[in-house]
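# Remarks on the overall topology
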Amino acid sequence: MEALTTCLSSSISRSIPPPLSYVISLDLIILYLLYCGSYFLHSLPSLPFRLFRITSLRSNFLPSFPVSLHPSFVYFSFLSFIPLFFPSFRCGHCKKLAPEFEKAASRLKGSVQLAKVDCTTNSETCSRFGVSGYPTLRIFRYGKDSAPYDGPRTAEGIYETMRRQTGPDSMHLKTKDDLKAFVNNHDASIVGVFSGTDSLRLAEFLKAATLLREQFRFAHTTNLQLAEEHGANSECVLLFRPPRLANAFEDNIVIFRDYLTIGSLRRFIRDHIYGLCPHMTIENRDRLRVRDLLTAYYDLDYHHNIPGSNYWRNRVMKVASKYVGRGLTFSIANKKDFLLELEEDFGMGTSDGGELPFITIRTRLGHKYTMREEFTRDGASLQRFLEDYFAGRLKRYIKSEPIPEKNSGAVKVVVAESFDQVVNDPDKNVLIQFFSPLCPHCKKLEPVYGELAETLRSDPKIVIAKMNALANDVPLGYDVQGFPTIYFAPVSRKDEPVRYQGTRELKDFLRFLKREASHSLVLSGFKDEL
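Computed from a prediction, not measured in an experiment: that's the story for all the values here.

### Looking at helix α4 (residues 155-163)
Burial of α4 is extensive: seven of the nine residues sit out of reach of the surface. Residues of α4 that are buried: A155, G157, I158, Y159, E160, T161 and M162.

### What to know about the sheet that holds strand β14 (residues 368-370)
Strand order in the open sheet formed by five strands is β10-β12-β11-β13-β14, and the pairing between neighbours is mixed. Unpaired on one side and paired on the other, β10 (279-280) and β14 mark the two borders of the sheet. Judged from the six bridges that link them, strand β11 (residues 293-298) and strand β12 (residues 329-334) form a sheet pairing that is parallel. Across the sheet, residue L294 finds its bridge partner in β12, namely F330. In this fold helix α10 (residues 339-346) packs onto β11, β13 (358-362) and β14, with an angle of close to 65° to the strand it touches most, β13. Each of β11, β12, β13 and β14 is contacted by helix α11 (residues 380-390), which is oriented at about 20° to β13, the strand it contacts most.

### Considerations on the pairing of strand β6 (residues 189-193)
Across the five residues of β6, five count as buried, placing the element largely inside the fold. Neither face of β6 is open: one carries S189, V191 and V193, the other I190 and G192, and all of them are buried. The pairing of β6 with strand β7 (residues 217-221) spans five bridges and is parallel. Across the sheet, G192 pairs through a bridge with H220, a residue of β7.

### A few points about the side chain of T370
Note that T370 resides in strand β14. At 3.1 Å, the side chain of T370 forms a polar contact with the side chain of R372. Among all residues touching T370, those that are not within four sequence positions of it are F346, F358, I359, T360 and F385.

### Concerning the layout of surface pockets
By volume, the second largest pocket amounts to about 650 Å³. Forming the walls of the second largest pocket are 27 residues, and the residues nearest its centre are R270, D271, Y274, R291 and T329. Put simply, the parts of the chain that give the lining of the second largest pocket at least two residues each are α7 (262-272), α8 (285-288) and β12. Among the elements that take part in the lining of the second largest pocket, α7 stands out by supplying five residues, more than any other. A per-class count over the lining of the second largest pocket returns 15 nonpolar, five polar and seven charged.

Reading the values: rules and limits
- Residues numbered from 1 in each chain as written.
- Predicted model: local features only at pLDDT ≥ 70, side-chain atom pairs only at ≥ 80, totals over all residues.
- Heavy atoms only, no water.
- Buried < 20%, exposed > 50% of the residue type's maximum accessible area, 1.4 Å probe, protein only.
- Helix = DSSP H or I, 4+ residues; strand = E, 2+ residues; numbered from the N terminus.
- Pairing = 2+ DSSP bridges.
- Contact = heavy atoms within 4.5 Å.
- Axes fitted to C-alpha atoms, helices over the stretch in contact; angles between N-to-C directions.
- Polar contact = N/O pair within 3.5 Å; in protein donor to acceptor, adjacent residues only side chain to side chain.
- 1 Å grid on protein atoms, 1.4 Å probe; cavity = no way out; pocket = protein on both sides within 12 Å on 5 of 7 lines; lining within 4 Å.
- Points joined across faces, edges and corners; volume = space filled by probe spheres on them.
- Nonpolar A, V, L, I, M, F, W, Y, C, P; charged D, E, K, R; others polar.

Nothing here speaks to function; it is geometry throughout.
Printed below as a string of structure tokens:
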């Protein structure tokens, strides 16, 4: 932290900053607003406040690692990209992001500036940007709020997402060598081929590239001959899938010849970029999981062993090609990247599968299935698994604690296996608290929640319940991002649970239940008027 202070202090104490023209080459800056602890602002009390109210700096004055800045830095006219990250000091997601942010900053040195601002004592700045949850990241372009940062939050993901921002929206290719070099990439490539710079399709393509550049790589050419060897002799868009994923089951290049609009191009990319069996990573998993998805996890390494990585992929694809159009998509993933998720979400032990692929299905509704039979090299076991899945013969995998043998307390303990029986009981109004055993707010709530349950214990139509959300799968329809999260599942509306957002006092809970319940509450010993 001393290095941060020294670097920033020396930068600010230099001569009067030059005009903005000196910093046009500074393409990107990420502003990382940090709510969880003051890093070094308190070491700068002697610096005159006016020194922070500058409007430009030489880009070489700025350090190449994440820096904590005074809120006035938010208004620097040279800032072109600023994701704002507002965590809580108890937020596990925030603590997880911090080291990834540092690693990304090191890799982006010299091209993208990452910075962070302590909002602990500057809450006004945070609220000015509409922060309502943690962590929050926003992107600023040239000092103006541009968009939320929706990219991945790993070092690799931040690096790749922001690296794409440093160049043009679409690279202009002039020769075959340019095209060959561009498409020889770890990611897919979208190349527009047009007849000239005045082409209306080119203008629309460039608009799409501006909107979608954070997700995909774009390039264009005005030389129609570049597309001839790929089967096109007129204006079109070529989608090149990553060379490492080339296979005998599908074309590696897909051609878009329809009427080009931003919407039609977006749909084309969405429907074709991943192909029959893409490589799922931490960065792209959310995009792949918008559909029902089968994934084969194994020791995959496309950086050092492409043939070995494709050995199992080809066997998955051979079976997958028989089920195209059945509503299930396929993918492969490196088991090491998803060990924690496999352990927590699918109960996979560290020795499960060995060198053989471990197969799972996760539907867009959150239903989970695992293939317990050993993966055979001829694909027969995978085919049997798929036949059982489509026939509805598979039992869903549910992460659940054991159902309590005794559950006579006023607050009923619910687990994933008993959720339908208790919470979705059609004759009961149920208030359900999702908690974490490690959450101090949950522990603070315990006596109030217990008193609420005792107050309503004689009411046969209402249940006060709680579930450990870390040890049990949270059902679809319940959005649990923090703890405690409380929902009310009323009679006749079990598919529309109501989130409780009031204060955590007994009288407020009772007022809420009186308003939402389908019957008049029966209270025990509560005399205050509601």
